[in-house]
Amino acid sequence: MTGIVHVVLVEWNTEDAAVPERATALAHEHLPGIGGVVSVASGPSVSPEGKEEGFDWMLVVRFRDAAARDAYLPHPAHTPVAEHIGAHNARVVVFDVAA
């Protein structure tokens, strides 16, 4: 069984600090309770390299396996996070990798 790491990079369409703070709160409130979610991490970059290319915030969700990731996408607990990101992004990249 191979786990999945789901990475979401967001460039917000606002300078309002409450937007990424709310995204982090929603992610940590709703996502850990979804079956097959192993861990959730999110927040702004703390890298000293400065290579974010305009992306302001990242969400990383580790899943037990691809089936858990597939069940997460339509899960009702995922909806508030996805809707918040959808309403406030200028750009989003989603990248999944087997790990």
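Residues numbered from 1 in each chain as written. Predicted model: local features only at pLDDT ≥ 70, side-chain atom pairs only at ≥ 80, totals over all residues. Heavy atoms only, no water.

Caption draft 1: A look at the overall build of the chain. Each helix and strand counted, the chain has three helices and four strands in total. If you list the helices and strands of the chain from N to C, you get β-α-β-β-α-α-β. Against the globule reference of 13 Å for 99 residues, the chain gives a C-alpha radius of gyration of 13 Å, in line with a compact fold. Each principal axis of the C-alpha atoms in the chain carries an extent, and together these give about 40 × 30 × 20 Å. Of all 99 residues assigned to the chain, the portion counted as buried reaches 33%. Contacts spanning at least 24 positions in sequence make up 76% of the contacts within the chain whose residues lie at least 6 apart. Seen as two clouds, the 6 positive and the 13 negative side-chain charges of the chain have centres 8 Å apart. (Helix = DSSP H or I, 4+ residues; strand = E, 2+ residues; numbered from the N terminus. Rg over C-alpha atoms; globule rule 2.2 N^0.38 Å. Buried < 20%, exposed > 50% of the residue type's maximum accessible area, 1.4 Å probe, protein only. Contact = heavy atoms within 4.5 Å. Lys, Arg positive; Asp, Glu negative; His and termini not counted. Charge placed at Lys NZ, Arg CZ, Asp CG, Glu CD.)

Caption draft 2: Spatial organisation of the pattern of salt bridges. According to the stated counting rule, one finds four salt bridges in the structure shown. With a shortest N-O distance of 2.8 Å, Arg69 and Asp96 are connected by a salt bridge. Separated by 27 residues along the polypeptide, Arg69 in helix α2 (residues 66-72) and Asp96 in strand β4 (residues 89-98) bring together distant segments of the chain. A relative accessible area of 30% places Asp96 in the partly exposed class. The structure contains a network of salt bridges with shared partners spanning Arg69, Asp70 and Asp96. (Salt bridge = Lys/Arg side-chain N within 4 Å of Asp/Glu carboxyl O.)

Caption draft 3: Molecular detail of the side chain of Asp65. You can see Asp65 is positioned in the loop between β3 (57-63) and α2. Within the structure, Asp65 has its side chain in polar contact with the backbone nitrogen of Ala68 (distance 2.8 Å). (Polar contact = N/O pair within 3.5 Å; in protein donor to acceptor, adjacent residues only side chain to side chain.)

Caption draft 4: Broad picture of the packing of aromatic side chains. Scanning all chains against the criterion turns up two aromatic pairs. Relative to Trp57, the ring of Trp12 lies with its centre 5.6 Å away and its plane at 55 degrees, an arrangement referred to as tilted. Of this pair, Trp12 sits in strand β1 (residues 4-12) while Trp57 sits in strand β3, and the two are 45 residues apart along the sequence. On the basis of relative accessible area, Trp12 is assigned to the buried category, the value being 7%. Between Arg91 and the ring centre of Phe55, over which it is positioned, the NZ or CZ distance is 4.0 Å. (Phe/Tyr/Trp six-rings, centres within 6.5 Å; stacked < 30°, edge-to-face > 60°. Lys NZ or Arg CZ within 6 Å of the ring centre and 35° of its normal.)

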